[in-house]
Amino acid sequence: MALVDNELFVPGTRPLAAAAAYLGGKGAGLLRLRALGVPVPEFAVLPTALFEPVLAGLPTTAAGLAERRARLGSFEVPAATQAALRALLADWGFGDEQPVAVRSSVADEDGAAAAFPGLMDSVLHVSTWPALLAAVARVAASAYSDRSLDYRRQRGLPLAARPAVVVQRQVAARAAGVLFTTFPEYPQEMAIHAVAGLGEGLVNGQLVPEEYYLGKADGQLVAQVDADPTPSPSPPGEGSQTTQTFSCGRHPSPGGEGLGVGATPAALLTPATLAELYRLGQRLEAALGGPQDIEFAQDQAGRLWLVQARPITQPVPEVVVYDNANIQESYCGVTTPLTFSFAQRAYATVYRQTMHALGLPAATVAAHEPVITNLLALQQGRIYYNLNNWYRGLLLLPNFRQSKADMERMMGVLEPVDFVHDQRKTLRQRLALLPRLTLTLGRLLGEFARLPQRVRAFQVRFEAEYQRFYQLPLAALGAADLLREIEHLNQALLTRWTTPIINDFRVMMAHGAATRHLSRLGVADPEEFLSRYLAGSPAESGAEAEPLASLLPALALRELGALARQEFPELLPLLEQPSSELPAQVARLAPAFHQRVQHYVACYGDRTMGELKLETETMRTSEALFYQYLVAYLAPSAAPTMAAGGLPAQAAAELMMRLKGRGWWQARRVRASLATLRQAVARREALRLERTRLFGMYRAAYRALGQRLATAGTLAAPLDVFWLTEAELATAAQAGGPQWAALAAARQAEFASYRAAPAPPGRLVVPSRPAAPTIAPAEGNLRGTGCYPGQVSGEVVVITDPAQADLGAVRGRVVAALRTDPGWAALFPGCRAVLIERGSALSHSVILLRELGIPTIINVPGLTQRLRSGQLVHLDGRSGEVEVID
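Since the model is a prediction, treat every value here as computed from it, not as a measurement.

Caption draft 1: Inspection of the pairing of strand 11 (residues 304-311) at higher detail. For strand 11, a buried count of seven out of eight residues is recorded, marking the element as mostly surrounded by other parts of the structure. Of the pairings in the sheet, the one linking strand 10 (residues 292-299) to strand 11 comprises seven bridges and is antiparallel in character. Along strand 11, the bridge assignment pairs aspartate 293 with arginine 310. Linking strand 10 to strand 11, which pair antiparallel, is a turn of four residues; within it glycine 302 sits at a positive phi near 95 degrees.

Caption draft 2: Inspection of the sheet that holds strand 22 (residues 872-876) at higher detail. The eight strands are arranged 16-23-22-18-19-20-21-17 in an open sheet whose pairing can be described as mixed. Strand pairing shows two members of the sheet lacking a second neighbour, strand 16 (782-783) and strand 17 (785-788), which therefore form its edges. By the bridge criterion, four bridges tie strand 22 to strand 23 (residues 881-884) in an arrangement that is antiparallel. Residue pairing across strands places valine 873 opposite valine 884, the latter belonging to strand 23.

Caption draft 3: Main features of the environment of glutamine 666. You can see glutamine 666 is positioned in helix 26 (residues 664-711). Sequence separation between glutamine 666 and leucine 521 is 145 residues; the distance between their C-alpha atoms is 9.6 Å.

Caption draft 4: Highlighting the packing of helix 27 (residues 726-735) against helix 28 (residues 739-756). Following both chains from N to C, one finds helix 27 and helix 28 inclined at 155 degrees, their axes separated by 11 Å at the closest point. As judged from the angle between their axes, helix 27 and helix 28 are roughly antiparallel. Of the residues in helix 28, those in contact with Glu728, Thr731 and Ala732 of helix 27 are Trp740, Leu743 and Arg747. Across the contact of helix 27 with helix 28, the residue classes tally to three nonpolar, one polar and two charged.

Caption draft 5: Structural view of unusual backbone geometry. Residue proline 767 is bonded to the preceding valine 766 through a cis peptide linkage, with omega at -5 degrees. With respect to the secondary-structure elements, proline 767 resides in the loop between strand 15 (763-766) and strand 16. Here histidine 125, not a glycine, exhibits a phi torsion of approximately 60 degrees, which is positive. Residue placement: histidine 125 occurs in strand 3 (residues 121-126). Residue classification places histidine 125 among the buried positions, given a relative accessible area of 15%. Notably, asparagine 859 is not glycine yet its phi reads approximately 55 degrees, a positive angle. Within the secondary structure, asparagine 859 sits in the loop between strand 21 (856-858) and helix 31 (863-866). Of the residues examined, asparagine 859 reaches a relative accessible area of 19% and is grouped as buried.

Caption draft 6: How the structure looks around the packing of aromatic side chains. Throughout the structure, instances matching the rule amount to 24 aromatic pairs. Between tyrosine 347 and tryptophan 390, the aromatic rings sit 6.1 Å apart at their centres with planes inclined by 85 degrees, giving edge-to-face as the arrangement. Note that tyrosine 347 is positioned in helix 10 (residues 337-357) and tryptophan 390 in helix 13 (residues 387-394), a separation of 43 residues in sequence. Here tyrosine 347 falls in the partly exposed class, since its relative accessible area comes to 22%. An aromatic cluster is present here, built from Phe458, Phe462, Tyr466, Phe469, Tyr470 and Trp497 joined pairwise through their rings. The lysine or arginine in question, arginine 620, covers the ring of tyrosine 470, its NZ or CZ lying 3.9 Å from the ring centre. Lying across the ring of tyrosine 213, arginine 769 places its NZ or CZ 4.3 Å from the centre.

Rules and cut-offs
Residues numbered from 1 in each chain as written. Predicted model: local features only at pLDDT ≥ 70, side-chain atom pairs only at ≥ 80, totals over all residues. Heavy atoms only, no water. Buried < 20%, exposed > 50% of the residue type's maximum accessible area, 1.4 Å probe, protein only. Helix = DSSP H or I, 4+ residues; strand = E, 2+ residues; numbered from the N terminus. Pairing = 2+ DSSP bridges. Axes fitted to C-alpha atoms, helices over the stretch in contact; angles between N-to-C directions. Parallel < 35°, antiparallel > 145°, perpendicular 65-115°, else oblique. Contact = heavy atoms within 4.5 Å. Nonpolar A, V, L, I, M, F, W, Y, C, P; charged D, E, K, R; others polar. Phe/Tyr/Trp six-rings, centres within 6.5 Å; stacked < 30°, edge-to-face > 60°. Lys NZ or Arg CZ within 6 Å of the ring centre and 35° of its normal.

What follows is the structure in structure tokens.
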């Protein structure tokens, strides 16, 4: 059957290409749903071509737009189309028992870029022919309403709208609502808001619905918010006008239809209904290529009907997982801005040079700068890994899944994260990538083979820089000279840190390989086995144990403790009660012992708890700390021994037993993997001692810089240097100014509050639903539900009627309202934030506010009674807190 552009379109009667241009956005969306086999009430579309003749030749000037609206408002449906529509409605049983809804479907409506949420009209409860014809004209004309045109201007869309109109069988609903397959506030959740009956109160923001939030991973109920107990509007009459969507009233009427007054049930949607909505949401998000805003109705028999699916247009933030995993060992507890800024730069510098060492193209490295510079994050004063970015870096290596598992094991990540996936590639794409991945793997294996030589060369170069640095008269250097020394450390050591990081890759991969070999041998807990096997030298070789570098400081302390007991017994009473005067006393009473202490401090003085935090006091910055450590080694029994020979021997014996009956090749591979891991771990411990010393040099340089800035009056005290970042310190040293002391004081107070507060969990998922508040808001303050983040301070303007509002009074202020609907669209762009006493996070007006990026808080009890125009408030759109300042 040939397609006639202006004839009534009925799904299933003929094929159709370019559906959106012909049927409009809503009609095309309904057609897609029908094609996917989901339940959609019968519908027909009066296409865009039917209305184009009355709009032909009209300009988009103010007068032309007014004429377009007038012509559409008096539009008469052609006789042939009326006849086709009458016949179709007769099949539906059109009349009082089966009304229809007349819905807008403009060509660019419900698209990926613009939703037009509630800005065009729909008319519900249409049950007579004259009412239907009038509704078609009214809905078509709403494409040129003031609020629709304002939206087009705000979004930069053409002003020449192309309306189509959907006529759809209206469901006699017991409940209906909105489903966001991905909730923008908390993207790990699916949001379902529902009200009883069939009505427009939810999307208009007139009613507060029941809210259900399901975990996207498993469909389990995460949170539920009960319905608003206040009465609903009275049932609308025939032809009642509403917004563009099917929605429903908050409370059931006695007959279950329309909007009546009644008690809200404890749970409007049953677990079975929620499970079905979850399955539909997951299916449609996958089939339609992204998060969807779905409207649904449930009939009296409990069957679900979908009446809309359009892309969610507001940005859905990335879910970022922060995990302190094993980084808490290096940066335990609250740290300082200087330490974080240095650590973040150090990680980025090392990661960047490693990518170059692996032969990755410069363009690839440059494209990954946002990843490289954000491997760490500071959350509530504590350092976390940004796991998303670590995984993205692994995408550049061969075998993402194996590398991911190895990295998680090495970093101590207990719960794997699946937000970053290896991209599925076609055979052609894999073949195209094969040369680069082969080159990367080849370079990596080559670097592994050269590690023994490279480590020796690295240590020689490091020792030379180490000796040079501590011969400098740091206390006599000026601020500019100290900044130059810091830059010298950057260039001479930090930007040449490839060898340690390549060895870390070696440890990661060798550890993964050894773990897999042991698992195949039937070892139940490979980690526990490795902790025993690597506790000393290879037990089966009979070689004398060679201590790991990490044990050397303790062994040296043990020797000094024995030396004090045997050759300087007169010092023991002083050494056993260390004080701040003890270093001077030892230097006077036992110069030879003091010289040995000085040697120890020169070698290991930076090795202490919290050694990678620049603000940490070490034995180098305070020699008295050395004697506090020494106390534990003064008793004759105080001797941290080498790893007990029994542990490695037991592990080696167990390994021999498990290898019995295995092929020689498997036995050879297992032993080789364990030997490789042992060597890599030994090198890692030696190189980590060099890392400790490197951080010690930076610590010394920054402490000297703090002294200079305090002397110059830029900082209040030398140790305030730790409350500024590296970049801030460079500026402060060059330009000075009183602002830096004030900033340091503010930061110190801020981080003190982090220390006083309960420690956050080891894993933070952002954004994620906050725990329910345990305390009421402070006297005079307000609290609601945050819908769009942002902190704003400003003057309040309370508005009860947008039609009477002065746009000039709104601009630059915080709007407070009892409720909002899409009619407020003209007011929103000029305001700084919006507070709503009663509303839904999925209402059209809130969707619009998200699109505009305006901080929004809804469901603020007593808002319009407690605030008055002219008051000053500070609000947080994420937490929902509103502080009344004046």
